[in-house]
Amino acid sequence: VGFGIAGAEIISKNMCVEGATRSAILDPMIPGKRIYAIFGFCDIHDFDHCTERLEDEIMTFVNKVADIVHEEVSRWGGSCNKNLGNAFLMVWRMGDEATLSKMNGTVRRRSLKKSITADSINKPDAIDLRRIPGLDIMSDKALIGFLKVIIGINRDSQILSYRRDPRLQKDGVPFKLRMGFGLHAGWAIEGAVGSLQKVDATYLSPHVNMAARMEAASRQFGVALLLTHNVYELMSKPAQACCRKVDVVTVKGSAIPMPVYTSDTLQNQHFPRLKTPKYTDLKLNDVLHAHAETYSPSLWEHDIDLVQLRRLISPTFTKTFSKGVEAYLNGDWAKAKSLLEKTDEMMLDGDSEGDGPSRTLLRYMGEKLFVCPEDWQGFR
């Protein structure tokens, strides 16, 4: 229970049998293993406010959120690696390097003994993940898992009851639980970190940090979720069609530009309570698990929840926004301004009464008076 399924497997590799009693002891000095995974980081917004107001009840609140996060991520193929109070690290493990190398016929070109440089996060790895069978399904499920969490926190009756809690109101405005999500794919060193006094099963890598940075950046862009190109390029075409590129940026620890994407989530709406289908003896959880197990990319067009999340996103909006972003990246900021102002207006019925990514780019260009710098290279 303490380490979870993934953590228990990691810790078991650090156990050895010693002495006449043949008892198992933990050896934290065993080297880790290089693996590849999709890393997801999610965080509860306004957590300090919730902690101050709820006091001892904060544990009940956090554990209810954790229950939704763990259940949905697990259902969609992931596992929880870390509970950090207001944040969670989730992992969709692809496999270790040796196994994946055999699957696409590559040989590792970089030694683990070499230091991780500032740009190593975006340098081509020995393994081309796009050639690994089944990763399109895993990547789709990782995104769906987080989208289902967003739906869950806006559907669960216990979470919704906090909207009526006067302790959480700000200036008479009802409290609404909001979370941020980030997804990134890459390698990490899997192993036990700590000592005999305290040990954690974890993953260490700049790729893990990148998932956390995507979550933090989601607030800047006014969206619930951001994912990197590393994840986007692995996804199926139907899943990619439900995402939009919002910018090309460099992040701390890397000088290489990286496109970032979002999948739109309208949260200010009613999500109907889930019911067990008629003419089945299965429980609701069993039905939902079977739904995830039999996933196919057509789900993006037929799943009521996923369709409902994007109900404000029209083909006209998608086309206009895409043209606006391309104009911005190409340095035609006058055209970008005109197009992104239109997309912002199209989203007046959205959660923030406008479009977060459009406003973010307009704000950035506005700081430069909408005059593209001469040294503009198509990213920031």
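To keep things clear, this report deals only with the structure shown in the data block. Keep in mind that what you see is a predicted model, and the values were worked out from it rather than measured.

Rules of the game
Residues numbered from 1 in each chain as written. Predicted model: local features only at pLDDT ≥ 70, side-chain atom pairs only at ≥ 80, totals over all residues. Heavy atoms only, no water. Helix = DSSP H or I, 4+ residues; strand = E, 2+ residues; numbered from the N terminus. Buried < 20%, exposed > 50% of the residue type's maximum accessible area, 1.4 Å probe, protein only. Contact = heavy atoms within 4.5 Å. Areas by Shrake-Rupley, 256 points an atom, 1.4 Å probe, with all protein chains shown as cover. Pairing = 2+ DSSP bridges. Core = buried A, V, L, I, M, F, W, Y, C linked by side-chain atoms within 4.5 Å. Disulfide = S-S within 2.5 Å.

## Looking at the overall build of the chain
Here comes step 1: The number of helices and strands found in the chain is 15 helices and 10 strands.
Here comes step 2: Looking at the chain residue by residue over its 380 residues, the buried ones come to 51%.
Here comes step 3: When contacts within the chain are restricted to residue pairs at least 6 apart in sequence, long-range pairs at least 24 apart make up 71% of them.
Here comes step 4: Carbon and sulfur atoms form 53% of the exposed surface of the chain, whose accessible area is close to 19,000 Å².

## Regarding the pairing of strand 4 (residues 79-83)
Here comes step 1: Relative to strand 5 (residues 87-96), strand 4 is paired through 4 bridges, and the arrangement is antiparallel. Pairing of K82 across the sheet is with L89, part of strand 5.

## Here's the deal with the nonpolar core
Here comes step 1: If you look at the biggest cluster of nonpolar residues, it comprises 64 residues, and the most contacted ones within it are F61, M94, M179 and L227.
Here comes step 2: Top contributing element to this core by residue count: helix 5 (residues 135-153), with 11 residues.
Here comes step 3: Excluding its chain neighbours within four sequence positions, the residues that come into contact with F61 are I44, C50, L54, Y162, F175 and L177.
Here comes step 4: By size, the runner-up hydrophobic cluster in this structure holds 28 residues, among which are V223, V325, L340 and W376.

## Remarks on the state of the cysteines
Every disulfide links exactly two cysteines, by a covalent bond between their sulfur atoms.
Here comes step 1: Tallying each qualifying case throughout the model produces 0 disulfides.
Here comes step 2: Among the cysteines around C80, which has no disulfide bond, C42 carries the closest sulfur, lying 7.9 Å off.
Here comes step 3: Looking at C80, the relative accessible area reads 18%, which means it is buried.
Here comes step 4: In this model C243 remains outside any disulfide bridge; the closest cysteine sulfur is found in C242, 6.9 Å from its own.

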